[in-house]
Amino acid sequence: MEGTRHAHKIREEYEELQKIRYLISLLKSEICYARSSLEEVFASVAEKCEDPYRNWLLMMRNEMRCKKEKRFVKIWQESADVCLVGLMISRKEKENLKEVGARLGNLDLKMQIRSLELYEEKVEESLRQIQKQMYTKMRLYYLMGIMGGILTVVLLI
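As the structure is a computational prediction, the values presented were derived from the model and not from experiment.

Caption draft 1: Main features of the environment of I146. Mapped onto the fold, I146 is located in helix α6 (residues 109-156). For the pair I146 and D81, spaced 65 residues apart in sequence, the C-alpha to C-alpha distance is 37 Å.

Written out as structure tokens, the structure reads:
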């Protein structure tokens with residue numbers, strides 16, 4: 001069972017990073033083509049996303065409307081801590097996602113897009129690394145799960 005659980009974790013992390021890549025591409029295209037404020041971008045992109053990303057984007061939009069004195073980076077990171085707590089991604093990936101907010105809110109349009117592109121490249125690299133390891137690790141984890149089950153049966157007999 002333990003091997004199967006690890007195999008599912010790898011697959012879930014891969015799928016979660018694909019969703020994040022999609023989210024970032026939506027944000028980038030909304031900023032680039034709509035040239036809207038971040039509040040409007042978050043509202044528009046939230047309509048196209050599923051939870052927990054929808055809740056995260058809407059929470060940021062609401063925070064930006066209500067608390068104008070709060071810095072954007074603080075809003076991004078605090079709302080990520082609240083809404084994205086259950087994501088099945090590594091700590092490093094969560095930190096990378098939270099770092100994007102440090103560069104996104106204070107920059108001009110071109111720099112915002114470039115920041116999102118840089119983060120998108122990081123996500124792409126992570127996806128490539130996971131995909132490279134996924135087949136080998138998942139096969140190993142499934143094999144370990146089966147062997148553990150067989151060992152349990154043998155010990156019980």
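Having seen it, we continue.
Caption draft 2: Molecular detail of helix α2 (residues 38-46). For α2, the buried fraction is high: 8 of the 9 residues fall into the buried class. Of the positions making up α2, those classed as buried are L38, E39, V41, F42, A43, S44, V45 and A46.

Caption draft 3: Here's a closer look at the state of the cysteines. Taken as a whole and assessed by the stated rule, the structure comprises 0 disulfides. C66 takes part in no disulfide bond, and the closest cysteine sulfur, belonging to C83, lies 14 Å away. A relative accessible area of 62% places C66 in the exposed class. For C83, a relative accessible area of 18% corresponds to the buried category.

Caption draft 4: Representation of helix α4 (residues 72-83). For α4, spanning 12 residues, the distance from its first C-alpha to its last is 16 Å, which sits close to the expected 16 Å at 1.5 Å a residue. Within the span of α4, buried status applies to F72, V73, I75, W76, S79, A80 and C83. Buried residues in α4, looked at end-on, bunch into an arc of 165°, giving them a common side. The inward-facing, buried residues of α4 contact α2, α3 (53-66) and α5 (91-104).

Caption draft 5: Just unusual backbone geometry, in detail. Backbone torsion omega between D51 and P52 reads 10°, so that peptide bond is classified as cis. Secondary-structure assignment places P52 in the loop between α2 and α3.

Caption draft 6: A look at the environment of M60. By secondary structure assignment, the location of M60 is in helix α3. As for M60 and K28, which are separated by 32 residues in sequence, their C-alpha atoms are 16 Å apart. Dropping the residues within four chain positions of it, M60 is found in contact with F42, I75, W76 and S79.

Caption draft 7: Layout of the nonpolar core. Residues I20, L27, F42, W56, L57 and W76 are the most contacted members of the largest nonpolar core, which totals 38 residues. Those elements that provide at least two residues to this core are α1 (2-34), α2, α3, α4, α5 and α6. Looking at this core element by element, the count peaks at 9 residues for α1. Beyond its immediate sequence surroundings of up to four residues, W76 is in contact with F42, W56, M60, L97, K98, V100, G101 and L104.

Caption draft 8: Inspection of the packing of aromatic side chains at higher detail. Counted by the stated rule, this structure contains 4 aromatic pairs. Plain terms: the ring middles of F42 and F72 are 6.1 Å apart, the flat faces sit at 15° to each other, and that makes the pair stacked. In this pair, F42 sits in helix α2 while F72 sits in helix α4, placing the two residues 30 residues apart along the sequence. Residue F42 is classed as buried on the basis of its relative accessible area of 0%. Accessibility expressed as a relative area gives 10% for F72, which makes it buried.

Caption draft 9: Spotlight on the pattern of salt bridges. A full pass over the atoms with the stated rule returns 10 salt bridges. E78 is paired through a salt bridge with K74; the nearest N and O atoms lie 3.7 Å apart. Residue E78 and its partner K74 are located together in helix α4, separated by 4 residues, close to a single helical turn. With relative accessibility at 31%, the residue E78 sits in the partly exposed group. Linked through salt bridges whose partners overlap, the residues forming this network are R114, E117 and E121.

Rules of the game
- Residues numbered from 1 in each chain as written.
- Predicted model: local features only at pLDDT ≥ 70, side-chain atom pairs only at ≥ 80, totals over all residues.
- Heavy atoms only, no water.
- Helix = DSSP H or I, 4+ residues; strand = E, 2+ residues; numbered from the N terminus.
- Buried < 20%, exposed > 50% of the residue type's maximum accessible area, 1.4 Å probe, protein only.
- Disulfide = S-S within 2.5 Å.
- Expected span 1.5 Å × (residues − 1).
- Arc of directions from axis to C-beta.
- Contact = heavy atoms within 4.5 Å.
- Core = buried A, V, L, I, M, F, W, Y, C linked by side-chain atoms within 4.5 Å.
- Phe/Tyr/Trp six-rings, centres within 6.5 Å; stacked < 30°, edge-to-face > 60°.
- Salt bridge = Lys/Arg side-chain N within 4 Å of Asp/Glu carboxyl O.

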